[in-house]
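Remarks on the overall topology
Each chain, written out:
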Amino acid sequence: KDARQIFQTGTAHCPKSVHLWHAWAMHEQSHGDIPRARELLDKALEIDPWNGYVCHVYGLLESTADNPKKARQLWQKGLTYRPSAALVCSLGHLYVKQGHARSARELYRTYIPKMTEDRERIEVYLAASSLEETVFRDVEKAAELLKEALGSGGKDGSMEHDSRAYVALARLGTSGGLVDDAVVKKRLREICTKQSRGNARAAASNDGKKGRGAKFLVKDGRLFNAWAKLESKSNNLREAKSILRRGMAMYPADHTLLQAAGNIEERMGNVTAARDLYSASLHLELSAPTLIAYAMLELRSPEGGQGKPNVTTVRKLFDEALLIDPKHGPAYNAFGNLERKEGNADKAKRLYEDGIEANCTDAPSVYHGLAKLHLSLGEVEEARSVLRRGLALFDNKHNDDTYNAYSRRNENVAFLAHTLAMIELNVNNNAPEAKKVLKRGLWHCRNSPQLLLAMGLCESRSGNEEGARDMFERSLTADQRHAQAWQAFGVMEMWAGNFRTAKTLFECGLKNSPTHGALWQAYGTLESWKGNISEARLLFAAGIQKCPNHVPLYQGWACLELRSGDVITAKRLIGEALTKDKRNGSGWLVAANIEEKMGNVGLVGLILRRGIECAPGDVELYRALAEHEINRGKIDSARELLEKGIEINPLYAPLYHSLAELEARVFNIEGLARLNKRTAEMFPSDAMAPALPPYTEKRMQAWGTKIRHGRSAKIPDGVAALAEKIGVEYTDTTNTMSSIVGGSLEDVDPETLLNSMCGFGNEGGDGLMMFQDAPDVGR
């Protein structure tokens, strides 16, 4: 309101100031008042009909409002008298989006010579090169344009080379999948080395007073930053740190290098050094990315070693970031995520929506944040709608035949595609639709390990084991440290009865990610399936030593002891699990099962009710308690529990099955009819049907035979190649478990670990220690 009043006063005193009307319009647009913004921009154009800045902003507004015709007219009007790179590039992008790529090519060719400033000309060159590479797939032409841009220089040939063109030249071919990161790193290394040597020769020449030496002129440290980012992506943090130091020595005034160095220090655990580097970067120049990095550091590692972050300070940092750059998407996303975690759902929603309305940069991250908010509130349909809207921004609106030709790639779209695909797969049990979504994501980021893993899960759910293997192998080739891929691949092979292959995959995963608890759990489960109880116990114990907060490891070990008849140890383990996390519903289910096995039927219901108190969102607890009530003859209570579970998660199909069985048991024909109608509305197209055919007796016999043969079956070539690359001896069947962690398994004593965790008490079997109030865990 204060800003609006100032603009009103200013325009009243200076009615002919185009800048004031322009700024006021941008203010109104940022607050969502599009009609008022149009009125103000029209006033600005009445004063100066050919103002390029106004035409550009007005065109962006109309483009965002899905009015491309008017946007095109405004940009063409602006180009008539005052051409600028912003107008040319915006109009070119619109042409491409509408399927007129050749018009965009001609536009760039026409206006490159008309750009009077070097910076403006480079902008158009970059757009033209990107068009040749991503749309026309002409990498040679794209390279020619970039080299032409770098060779053009200023009027006297002394222009500093634009680092963006060098980075684009180094990354040439990545969008078409023709080169990988290793090639890009090699190119950047060569350019940066040339740059360092050129500067060293120039310094030596100047010191010897022989005149100015040949200097490799680049205005900033972007090249070093890009190289370090790739090394960081490969987890080569020390190398990335060394590269950034070289860059900072050459470009001490480049604040982005200091910010990147701070990020590396933070990842290496050097929090104080990271904070100092972020502060130094902000001292050189206030920037939204650095403010966000500083805020996230304060959230993760509060200054002064305090246990709880100063949320007020973090909010101020986010506010300042948005004040500096109101279109910075990551700021909206990070700020919204903070408010979501703090329980301020309404404020978080406003932040995400403000980012979307502002047509912010990195829009996928903001759409993804809003979708996560809806999911956290149980609003699955709203989340799906948001994700589809986000994906639609990067799809061509014509037809599938021109999709590849006229759509622009954006790697961040992978997050949207992955989350939407998981909703389709896990909530709707719709693997075909999930695969369609993933294909859209893979077009944007074809080597994304997460998307390839998700595609493998879809193939596995559809019963296509060979297709799943191919996708899992591709995911691990893209990132061999992707622990979830090793786990999913191994679990699939385990279910298929290919135990040697599964064992090899788990060992490969643990060698790369020894602190990934789910891998230890899966490996322990495999050994228990094979009847190797001692080995399974050893793996669960080693996993807990490596990952003491991974609660499912305690649960898995407890189930192992329960099956082996050692209910006392099982109780101790599940008690420890619930002490660590009482909100984990699976722990209460295991605890109830233990008491049932011991004959303490009276405790089963108490445990399950306590579980519902602690984990009210775990609907499997309602189902288990309903079964317990049915066994006690309390039909009405069971029906109420199942209805409550369906109310909490209306997409959890097993609840409908249990309720249908209950109604059938008491011959409630009307209740069954109502349930069938409700089920048909909630699960159209037979979404409740399993993805695979039922397990008939014949099929189960075949599966058993496959397991017996699978123990000695040949390991697939793809898995063998992955194991060889990582250094896991997959032919060794005697001592491989100890080798995966350098012999540390030999020092693991499960009994000692149990005693250190749980003590010696509570061995009488008169109930579980879990009835004490366990401490709340952080959300």
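Summarised in this report is the structure supplied together with it. (Residues numbered from 1 in each chain as written. Predicted model: local features only at pLDDT ≥ 70, side-chain atom pairs only at ≥ 80, totals over all residues. Heavy atoms only, no water.)

1. Comments concerning the overall build of the protein
The cut-off we apply is this: Each helix is a run of H or I in the DSSP string that is no shorter than four residues. Each strand is a run of E no shorter than two, and both are numbered from the N terminus. Working definition: with a 1.4 Å probe on protein chains only, accessible area under 20% of the residue-type maximum means buried, over 50% means exposed, and in between means partly exposed. In this description, contact between two residues means that some pair of their heavy atoms is separated by no more than 4.5 Å. Shrake-Rupley sampling with a 1.4 Å probe provides the accessible areas, and residues are treated as covered by the protein chains on show and by no other component.
A count of helical and extended segments in the protein gives 42 helices and 0 strands. Taken across its 779 residues, the protein has 48% of its residues classed as buried. For the protein, the proportion of contacts with a sequence separation of at least 24, taken over those separated by at least 6, is 57%. On the protein, roughly 38,100 Å² of surface is accessible, and the fraction owed to carbon and sulfur atoms is 50%.

2. Quick look at the packing of aromatic side chains
Two aromatic rings are characterised by how far apart their centres lie and by the angle between their planes. Our working rule: Centres within 6.5 Å are what make two rings of Phe, Tyr or Trp a pair, Trp counting through its six-membered ring; a difference in plane orientation under 30 degrees is then read as stacked, over 60 as edge-to-face, and the rest as tilted. A ring is considered to have a charge above it if a Lys NZ or an Arg CZ atom is located within 6 Å of its centre and within 35 degrees of its normal.
Scanning all chains against the criterion turns up 8 aromatic pairs. Residues Tyr278 and Tyr294 carry aromatic rings whose centres are separated by 6.3 Å and whose planes lie at 40° to one another, so their mutual orientation is tilted. You can see Tyr278 sitting in helix α15 (residues 271-284) and its partner Tyr294 sitting in helix α16 (residues 288-300), a full 16 residues away along the chain. One exposure class covers both Tyr278 and Tyr294, and it is buried. Both rings, one in Phe472 and one in Phe489, keep their centres 5.2 Å apart while their planes meet at 35°; by these two values the pair is tilted. Of this pair, Phe472 sits in helix α26 (residues 465-478) while Phe489 sits in helix α27 (residues 483-495), and the two are 17 residues apart along the sequence. Comparing Phe472 with Phe489 shows no difference in burial state: the two are buried. Three or more aromatic residues joined by ring pairs form one cluster here, namely Phe7, Trp21 and Trp24. Here the basic side chain of Lys77 rests over the ring of Trp50, its NZ or CZ set 5.5 Å away from the ring centre. Sitting over the ring of Phe136, Arg105 keeps its end group 3.8 Å from the ring centre.

3. Overview of the packing of helix α37 (residues 653-665) against helix α38 (residues 669-682)
Put simply, the rule is: A fitted line through C-alpha atoms represents every axis, and for helices the fit uses only the stretch in contact; the resulting angles, taken between N-to-C directions, go from 0 to 180 degrees. With respect to orientation, any angle under 35 degrees is reported as roughly parallel, any angle over 145 as roughly antiparallel, any angle of 65 to 115 as roughly perpendicular, and every other angle as oblique. Note on convention: the crossing is left-handed when the near helix lies turned anticlockwise from the far helix by less than a right angle, right-handed when the turn is clockwise. Ten residues, namely Ala, Val, Leu, Ile, Met, Phe, Trp, Tyr, Cys and Pro, are considered nonpolar, four, namely Asp, Glu, Lys and Arg, are considered charged, and the remaining ones, Gly among them, are considered polar.
Between α37 and α38, the shortest axis-to-axis distance is 9 Å and the interhelical angle comes to 165°. With respect to α38, the element α37 is oriented roughly antiparallel. In the packing of α37 onto α38, the handedness of the crossing is left-handed. Packed against α37, whose contacting residues are Tyr656, Leu659, Ala660, Glu663 and Ala664, the element α38 presents Gly671, Leu672, Leu675, Arg678, Thr679 and Met682 at the interface. Taken together, the residues of the contact of α37 with α38 break down into 7 nonpolar, 2 polar and 2 charged.

4. Some points on the side chain of Ser287
Rule in force here: N or O atoms within 3.5 Å of each other form a polar contact, as long as, within protein, one can give a hydrogen and the other can take it, and as long as residues adjacent in sequence are counted only when both atoms are side-chain atoms.
Turning to its location among the elements, Ser287 is positioned in the loop between α15 and α16. Within the local environment of Ser287, its side chain forms a polar contact with the side chain of Thr290, the two groups lying 2.8 Å apart. Beyond its immediate sequence surroundings of up to four residues, Ser287 is in contact with His255, Leu282 and Ile324.

5. Overview of the nonpolar core
The nonpolar side chains of a soluble globular protein tend to be buried with one another. Basically, it comes down to this: To form a nonpolar core, buried Ala, Val, Leu, Ile, Met, Phe, Trp, Tyr and Cys residues must be joined to one another through side-chain atoms within 4.5 Å.
Counting residues in each nonpolar core, the largest one holds 77 residues, and the members touching the most others are Val88, Tyr108, Leu188 and Leu223. Counting residues per element, this core draws most heavily on helix α6 (residues 85-97), which supplies 8 residues. Not counting chain neighbours up to four residues away, the residues in contact with Leu188 comprise Ala170, Leu223, Ala226, Trp227 and Leu230. Val604, Leu608, Leu621 and Tyr622 belong to the second largest nonpolar core, which has 75 residues in total.

6. Re the environment of Ser658
Looking at where Ser658 falls in the secondary structure, it is placed in helix α37. Residue classification places Ser658 among the buried residues on the basis of a relative accessible area of 3%. Discounting residues that sit within four places of it in the chain, Ser658 has contacts with Arg623, Glu627 and Leu642.

7. Things to note about unusual backbone geometry
A positive phi angle, near 60°, is found at Arg137, a position not held by glycine. Along the chain, the position of Arg137 falls in the loop between α8 (118-134) and α9 (139-152). At Phe667, a residue that is not glycine, the phi angle is positive and equals roughly 60°. Its place among the elements puts Phe667 in the loop between α37 and α38.

8. Section: the side chain of Thr290
One can find Thr290 in helix α16. Overall, the relative accessible area of 0% leaves Thr290 in the buried class. Of the polar contacts made by the side chain of Thr290, one reaches the side chain of Gln259; its length is 3.5 Å. A distance of 3.5 Å separates the side chain of Thr290 from the side chain of Ser281, its partner in a polar contact. Setting aside residues up to four positions removed in sequence, Thr290 forms contacts with His255, Gln259, Tyr278, Ser281 and Leu282.

9. Observations concerning the pattern of salt bridges
Our working rule: Any Lys or Arg side-chain nitrogen located within 4 Å of an Asp or Glu carboxyl oxygen qualifies as a salt bridge.
In total, this model carries 37 salt bridges according to the counting rule given. Of the charged contacts, one joins Glu62 and Arg38 as a salt bridge, the two residues approaching to 2.7 Å between their closest N and O atoms. Separated by 24 residues along the polypeptide, Glu62 in helix α4 (residues 52-64) and Arg38 in helix α3 (residues 34-47) bring together distant segments of the chain. Given a relative accessible area of 1%, Glu62 falls into the buried group. Each member of the salt-bridge network shares a partner with another, and the members are Glu123, Asp162, Arg164 and Lys219.

10. Quick word on the environment of Val590
Residue position: Val590 is located in helix α33 (residues 585-597). Sequence separation between Val590 and Ile574 is 16 residues, and the spatial gap between their C-alpha atoms is 7.3 Å. Once residues within four sequence positions are removed from consideration, Val590 is found in contact with Ala558, Cys559 and Ile574.

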